[in-house]
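# Structural characterization, general
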Amino acid sequence: MTPNDIRSVMRIEALSFATSWPPSALASELSDNKLAHYFVGRIDDALPDEMVVYGGIWVILEDSHVTTIAVHPDRRGQRYGEEMLVHLLHQAIERGASWITLEARESNVIAQSLYRKYGFTIVSTRRAYYSDNGENAVVMWAGNLRGDLYRSRLAHLEAQLLQRSVNHPD
Ligand SMILES: CC(C)(COP(=O)(O)OP(=O)(O)OC[C@H]1O[C@@H](n2cnc3c(N)ncnc32)[C@H](O)[C@@H]1OP(=O)(O)O)[C@@H](O)C(=O)NCCC(=O)NCCS
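This write-up is about the structure you can find in this document. (Residues numbered from 1 in each chain as written. Predicted model: local features only at pLDDT ≥ 70, side-chain atom pairs only at ≥ 80, totals over all residues.)

### Quick look at the site of the ligand
Around the ligand, the surrounding shell holds 18 residues, and the nearest of these are Arg76, Gly81, Glu82, Ser113 and Leu114. If you list the elements that add at least two residues to the shell around the ligand, you get β3 (63–71), α3 (80–94) and α4 (109–117). At 5 residues, α4 tops the list of elements feeding residues into the shell around the ligand. Looking at side-chain class alone, the shell around the ligand contains 8 nonpolar, 6 polar and 4 charged residues. (Near = placed C-beta within 6 Å. Helix = DSSP H or I, 4+ residues; strand = E, 2+ residues; numbered from the N terminus. Nonpolar A, V, L, I, M, F, W, Y, C, P; charged D, E, K, R; others polar.)

The following block contains the structure:
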């Protein structure tokens, strides 16, 4: 993600979340936060407005945190969210992380299902975490990312993902 992407990210953000980050917060993540790594996905790189997915992580030594992930509503259910999560997991591992955590709305069963598929489990609840409606957040966590077991689970899921995109190219 570069500063030029912020406008398209904000468009997906507004369609995806009840409250949006201000563009300035994202701009400062990109320019000032050395722990932050943000990525975007497009179907056609030549069309900058055709962004379908974005996501980000912080990596702090062995710990990492998925800060955000969202797919354009017209493109959900087509594996873009999963592809982005796989990318974020690889980025976290390559940058030295052994653990990864995130928060999700208690009601967000779709996101939780995606995270569970990749080995995340719920470790705690943050009461009234979301200010717009007072909803609880579940804190999810996956560990030992650099271990053989996790790496082989990731490789297996990634092979399935690749197979599906070969069978159903977009
Ligand atoms: C959550 C989100 C990123 C998932 O991305 P997506 O591209 O729609 O999902 P994918 O097609 O990659 O599906 C991957 C997995 O997600 C889960 N999933 C996706 N759609 C689902 C649905 N309608 N019902 C239940 N689970 C679903 C499944 O686990 C699925 O894997 P499976 O098909 O093998 O079971 C996307 O729905 C989104 O942007 N939501 C709004 C923003 C948001 O909630 N972000 C997460 C904040 S914590």
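### A few points about the pairing of strand β4 (residues 99–105)
The two faces of β4 differ: Ile100, Leu102 and Ala104 on one face are buried, but Trp99, Thr101, Glu103 and Arg105 on the other face are not. The β-α-β motif built from β3, the intervening α3 and the parallel element β4 has right-handed crossover chirality. Examined bridge by bridge, β4 and strand β6 (residues 137–142) share 6 bridges and lie antiparallel to one another. Bridge pairing in β6 links isoleucine 100 to alanine 142. (Buried ≥ 20, exposed ≤ 12 C-beta atoms within 10 Å, placed from the backbone. Right-handed = clockwise from strand over helix to strand, strands pointing away. Pairing = 2+ DSSP bridges.)

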